[in-house]
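Coordinate inspection notes
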Amino acid sequence: MSARIPLVLLACGSFNPITNQHMRLFELARDHLHQIGQFQVVGGIVSPVSDSYGKQGLVLAKHRIAMARLALQGSDWVAVDDWESQQPDWTETVVTMRYHYGRILKQYQEGTGKDSGPTTNSHHLTSSSPRLKLLCGADFLDTFKVPGLWLDDHVEEVAGHFGLVCVSRGGLEPERAVHESDTLSRHWRNIFLVREWVRNETSATEVRRALRRGLSVKYLLPDSVIKYIHQHNLYTGDSELKNKDVLLRPLTKQTEMPVKTLDD
Amino acid sequence: MEPQDLTKVVLLACGSFNPITNMHLRMFELARDYLEDTGQYIVVRGIISAVGDGYKKKGLIEACHRVDMARLATDTSDWIKVDAWESQQPEWVETAKVMRHHYKELMTAEQNNDYVDTAKKRRLDETKQAFEDPSSYHTRRDNGPQLKLLCGADVLESFGVPNLWKHEDIAEIVGRYGLVCITRNGCDAHKFIHQSEVLWKHRKNIHVVREWVTNEISATHVRRALCRGQTVRYLLPDPVVSYIQEHGLYSAESEQKNADVILAPLQRHTGPSSS
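Basis of the calculations
- Per chain, residues are indexed from 1 in the order of the written sequence.
- Whichever chain is written first becomes A and whichever ligand is written first becomes 1, with later ones labelled in order.
- Selection of residues for local features in this predicted model requires a pLDDT of at least 70, selection of side-chain atom pairs for listing and counting requires 80 or more, and totals for whole chains, interfaces and linings are taken over all residues.
- Note that water and hydrogens are dropped before the side-chain values are worked out from all heavy atoms of the structure.
- Only runs of H or I of at least four residues qualify as helices and only runs of E of at least two qualify as strands under DSSP, and these elements are numbered from the N terminus.
- For the exposure calls, accessible area comes from a 1.4 Å probe over protein chains only, and a residue counts as buried if that area is under 20% of its type's maximum, exposed if over 50%, partly exposed in between.
- Whether two residues are in contact is decided by their heavy atoms, any of which lying within 4.5 Å being enough.
- The Shrake-Rupley method, run with a 1.4 Å probe sphere, supplies the accessible areas, and residue values consider only the shown protein chains as cover.
- For this analysis, a nonpolar core means a set of buried residues of the types Ala, Val, Leu, Ile, Met, Phe, Trp, Tyr and Cys, connected via side-chain atoms within 4.5 Å.
- With a 1 Å grid spanning the protein atoms alone, the term cavity applies to any set of points in which a 1.4 Å probe fits but cannot get out, the term pocket to an open set with protein on both sides within 12 Å along at least five of seven lines, and the term lining residue to any residue with an atom within 4 Å of a point.
- Grid points are joined across faces, edges and corners, and a volume is the space filled by probe spheres set on the points.
- We call Asp, Glu, Lys and Arg charged. Ala, Val, Leu, Ile, Met, Phe, Trp, Tyr, Cys and Pro are nonpolar, and the rest, Gly among them, are polar.
- Criterion used throughout: strands pair if DSSP finds at least two bridges between them.
- A fitted line through C-alpha atoms serves as each axis, taken over the contacting stretch for helices, and the angle formed by two N-to-C directions is quoted from 0 to 180°.
- The term buried area means the drop in 1.4 Å probe accessible area that two parts suffer when joined, counted for both and summed.
- Criterion for a salt bridge: a side-chain nitrogen of Lys or Arg within 4 Å of a carboxyl oxygen of Asp or Glu.
- In protein, a polar contact means a hydrogen-donor-capable atom and an acceptor-capable atom, both N or O and within 3.5 Å, with residues adjacent in sequence counting only if both atoms are side-chain atoms; elsewhere, any N or O pair within 3.5 Å suffices.
- Two rings from Phe, Tyr or Trp (for Trp, the six-membered ring) form a pair when their centres are within 6.5 Å of each other. A pair whose planes differ by under 30 degrees is stacked, one over 60 is edge-to-face, and the rest are tilted.
- For a Lys NZ or an Arg CZ to count as sitting over a ring, it must be within 6 Å of the ring centre and within 35 degrees of the ring normal.
- The arc refers to the directions leading from the helix axis to the C-beta atoms.

1. Examining the overall build of chain B
- What chain B contains, in helices and strands, is 13 helices and six strands.
- Here chain B, with 275 residues, has 54% of them falling under the buried criterion.
- Long-range pairs, those at least 24 residues apart, make up 78% of the contacts in chain B between residues at least 6 apart in sequence.
- A total accessible area of about 13,200 Å² is found for chain B, and carbon and sulfur atoms account for 48% of it.

Structural data, given as C-alpha cells:
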C-alpha cells in the first residue's frame, strides 16, 4: 500500500463571522479526501482576509481572528492564522498560499522529530512532503468569473500548482463552474468536489442580518463566538455600512501592480 | 405593551429526536424570536419531549439515549428543557394527550405561583375546569399561559397522512392550543392550511415562521452519515457527537430496527372507528 500524500487545507475568506458551516467545510473535506484514498489530511488553516479587502460590512480583523480562535478551540487539527490579516495591503490568494506552503515545507524539512506547529499534526506515515490545497465553497469557484477579481496566472497557479477542494452548497453546481472555465477544466484532476448532502447552509450574510435585527443565532455559531459578538457589540446597522462606497481592493490593486507569477 | 399584559407561552416540541440536531434547537430560538416580535407574547419555556420506543419508527434507538442526548444538547440553554414523561410511557402516546399532560402541569404550576392573587386564581380555576370539559374548545381569556406545539412543516403536512392523526386530535391541537410551524417554504405551509377545513378554521392559532438563515438538518441524513462513518460535527452539539461515538449508536443495524413493524399510530387508528 503506497503511503498517502500529506495534505494541509487552507481556507481564505472573510469569516465575518466564522460559522459552524465554515468549520464543517474542513470536516467534510477531510472525510472525502480520506475516502478517496490518496491523501492524509494533517492540518487545516483558517486565514481571515485583511481589513484592506474593503468588503462591505467587514468588521476589524482583530475581531474576526479572535472569533475564529474561539470557534476552533474545540478542534485538534484546524487553527487560525493571522499572517494574511496582518499584511499592510490585501494579499492575493496565491501569495497567501505560497507563504503557507513555504512555511509547511520548512517545518517538514526541519524534521518530524521536532514539535510541529499548530497547523500540522505529526505525519509519521509519510515519505513525501506535504501539499497545500485551497478549501472553499462552491460559490468561491464562481468568483473566478468576475472580471478583474483574479489574474489568469493566479487561477492557473491555484488550480494547477496547488489544487482546490470545493464543498458544494445547496443549489450551486460546482461542476458547471469548472466546466465554464478553461483554466479550471484543464486542471480538473486537481479539483476535488465534495458533495454536502446534509443541507446546512448557514450564510454569514444571513447571520449578520439576524444579529442586526436582534434575532437569535444560537446553534449556528459556537456559543463562545456569540458571546464575543455581544460583548464587543459587533454586527450592527452601522457595521454593515462599512466600506459601502469603497471598491473591493483586488479590483484596484491588480490593475496597479500585478503580482509576479512563479515562472518570472 | 406592559410585561404583565404579555401572554406567556410554553413551546412543546414532540418528535423522535433521533438524534437531536442543531436544527431542532434552532426551531425553538426562531419560534421565540417570532412570537416575541409580535409584541403579544413572552416565551417562558421550551420543552423537548422525545417519543417513546412504542412509536416503532424504523431506526428509532432507545429512548434513554435520545433523552440523554437531548439533555446534553440543552445544557447550554437557560430556557429549553427536556421532559422524559412521554418517552417513559409503555405505549405510544398521541400528541394531543402529551399536550394535555403538559398543559395540566402548566396550569398547576401557575396556580401554585399565584396563590396570593385570588382573582387570578379564580380565573385559572375556571380555565382549568373548562379545560377538563372535553367538549369545549374554549378560547383563552386574559393572559393565562398558553402551550403551543412547535414543529417543522413536515409535521404540519403529516396531518394529511391517512390514519396517522385522529381528526379530533388535530382539532384539539390547533383549536385549544396552537401551532408554531418552522419552515423554509412559507408558501407550501400556507397552501396546506388553506386546503384543510380544520386548519383554516383555526388559522389564527397557527403561526408559520420562515427560516431564512439555514436549511433543515434532517436527522435522517445525519443518521446516514453516521452509518457511513462520515462526520456530523457542527450539525449537532459537540457533546452529542461525543455521546454517539462513545455509545456506538447509529449503525446499519440500528437503522433496521422496527423495519417490519407498523408505526404505532397506524396500528391504532386503522379501521372505521377512530375515536
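So much for the structure itself; the text now carries on.
2. Considerations on helix H2 (residues 63-73) of chain B
- Along H2(B), the residues that are buried comprise Ala63(B), His65(B), Arg66(B), Val67(B), Met69(B), Ala70(B) and Ala73(B).
- Close packing links the buried residues of H2(B) with helix H1 (22-37), strand E2 (41-50), strand E3 (80-83), helix H3 (85-88) and helix H11 (238-247) of chain B.

3. Quick look at the nonpolar core
- Grouped together as the largest cluster of nonpolar side chains are 43 residues, with contacts concentrated most on Leu11(B), Ile20(B), Ile48(B), Met69(B) and Leu150(B).
- Looking at this core, the elements with two or more residues in it are strand E1 (7-15), H1, E2, H2, E3, strand E5 (179-183), helix H10 (219-227) and H11 of chain B.
- Considering each element in turn, this core owes the most residues, seven residues, to H1(B).
- In contact with Leu11(B), other than residues within four places in its own chain, are Phe28(B), Ala31(B), Arg32(B), Leu35(B), Val43(B), Arg45(B), Gly46(B), Ile47(B), Trp79(B), Lys148(B), Leu150(B) and Val180(B).
- Among the nonpolar cores identified, the runner-up in size contains 42 residues, and Ile65(A), Ala68(A), Val78(A) and Leu221(A) belong to it.

4. Quick notes on the layout of surface pockets
All names here are of chain A.
- Taken as a whole, the second largest pocket encloses approximately 980 Å³ of empty space.
- Contributing to the lining of the second largest pocket are 39 residues, with Cys12, Gly13, Ser14, Lys55 and Phe140 lying nearest its centre.
- Counting residues per element, the ones that place at least two in the lining of the second largest pocket are strand E1 (5-13), helix H1 (20-36), helix H4 (93-109), strand E4 (131-137), helix H5 (138-142), helix H9 (204-212) and helix H12 (249-256).
- Residues that form the lining of the second largest pocket fall into these classes: 18 nonpolar, 15 polar and six charged.

5. Description of the sheet that holds strand E5 (residues 164-167) of chain A
All names here are of chain A.
- Read across the open sheet, the six strands follow the order E3-E2-E1-E4-E5-E6; overall the sheet is parallel. A single partner strand is all that each edge strand has here, and the edge strands are strand E3 (78-80) and strand E6 (191-194). Neighbour-to-neighbour, the strand axes of the sheet open up by a mean angle of 25 degrees, direction not taken into account.
- Strand direction decides the pairing type here: E1 and strand E2 (residues 39-48), joined by nine bridges, are parallel. Paired with Pro6 across the bridge in E2 is Gln40.
- Across the face of the sheet, H1 comes into contact with E1, E2, E3, E4, E5 and E6 while running at roughly 160 degrees to E2.
- Of the strands in this sheet, E1, E2 and E4 are in contact with H4, which crosses E4 at around 140 degrees.

6. With respect to the interface of chain B and chain A
- Between chain B and chain A, the contact holds 23 residues from the first and 25 residues from the second.
- Carbon and sulfur atoms supply 50% of the area that chain B and chain A bury against each other, a total of about 2,300 Å² over both sides.
- Where chain B packs against chain A, one counts zero salt bridges.
- On inspection of chain B and its partner chain A, the count reaches 10 residue pairs in polar contact (both at pLDDT 80 or more).
- With five residues, the single largest contributor to the side of chain B that touches chain A is H1(B).
- Here the residues of the side of chain B that touches chain A sort into nine nonpolar, nine polar and five charged.

7. Focus: the packing of aromatic side chains
- For the structure shown, the criterion picks out 12 aromatic pairs over all chains.
- An angle of 35 degrees between the planes, with centres 6.1 Å apart, marks the rings of Tyr55(B) and Trp92(B) as tilted. Of this pair, Tyr55(B) sits in the loop between E2 and H2 while Trp92(B) sits in the loop between H3 and helix H4 (95-113), placing them 37 residues apart in sequence. Take Tyr55(B) and Trp92(B): they sit in the same class, and that class is buried.
- Through a chain of ring-to-ring contacts, the aromatic side chains of Phe140(A), Phe144(A) and Trp150(A) assemble into a single cluster.
- For Arg203(B), the ring lying beneath its charged end belongs to Trp200(B), and the centroid distance is 4.0 Å.

8. Details of the pattern of salt bridges
- This structure, assessed with the given rule, holds 21 salt bridges over all chains.
- The partner of Glu240(A) in a salt bridge is Arg212(A), and the shortest N-O contact between them spans 3.4 Å. Of this pair, Glu240(A) sits in helix H11 (residues 237-241) while Arg212(A) sits in helix H9, and the two are 28 residues apart along the sequence.
- The class of Glu240(A) is buried, set by a relative accessible area of 17%.
- The salt bridge partner of Glu255(B) is Arg223(B), with a shortest N-O separation of 2.8 Å.

9. Some details on the packing of H4(A) against helix H6 (residues 152-162) of chain A
Residue and element names in this part refer to chain A.
- Two numbers describe how H4 lies on H6: the axes approach to 10 Å, and their chain directions differ by 35 degrees. Residues Val94, Met97, Arg98 and Tyr101 of H4 touch H6, and the partners they reach there are His154, Glu157, Val158 and Phe162.
- Grouping the amino acids of the contact of H4 with H6 by side-chain chemistry returns five nonpolar, one polar and two charged.

10. What to know about H10(B)
Residue and element names in this part refer to chain B.
- Every buried residue belonging to H10 is among Ala219, Val222, Arg223, Ala225 and Leu226, and all of these are buried. Each buried residue of H10 lies within a common arc of 160 degrees when the element is viewed along its axis, so the set occupies one face.
- Buried positions along H10 lie against H11 and helix H12 (252-255).
- Just downstream of H10, Gly229 is the residue with a positive phi angle, here 70 degrees.

11. A closer look at the pairing of E5(B)
Residues and elements named next belong to chain B.
- Across the five residues that make up E5, a large majority, five, are buried.
- The alternating pattern of E5 places Leu179, Cys181 and Thr183 and Val180 and Ile182 on opposite faces, both of which are buried.
- Strand direction decides the pairing type here: E5 and strand E6 (residues 206-210), joined by five bridges, are parallel. Paired with Thr183 across the bridge in E6 is Arg210.

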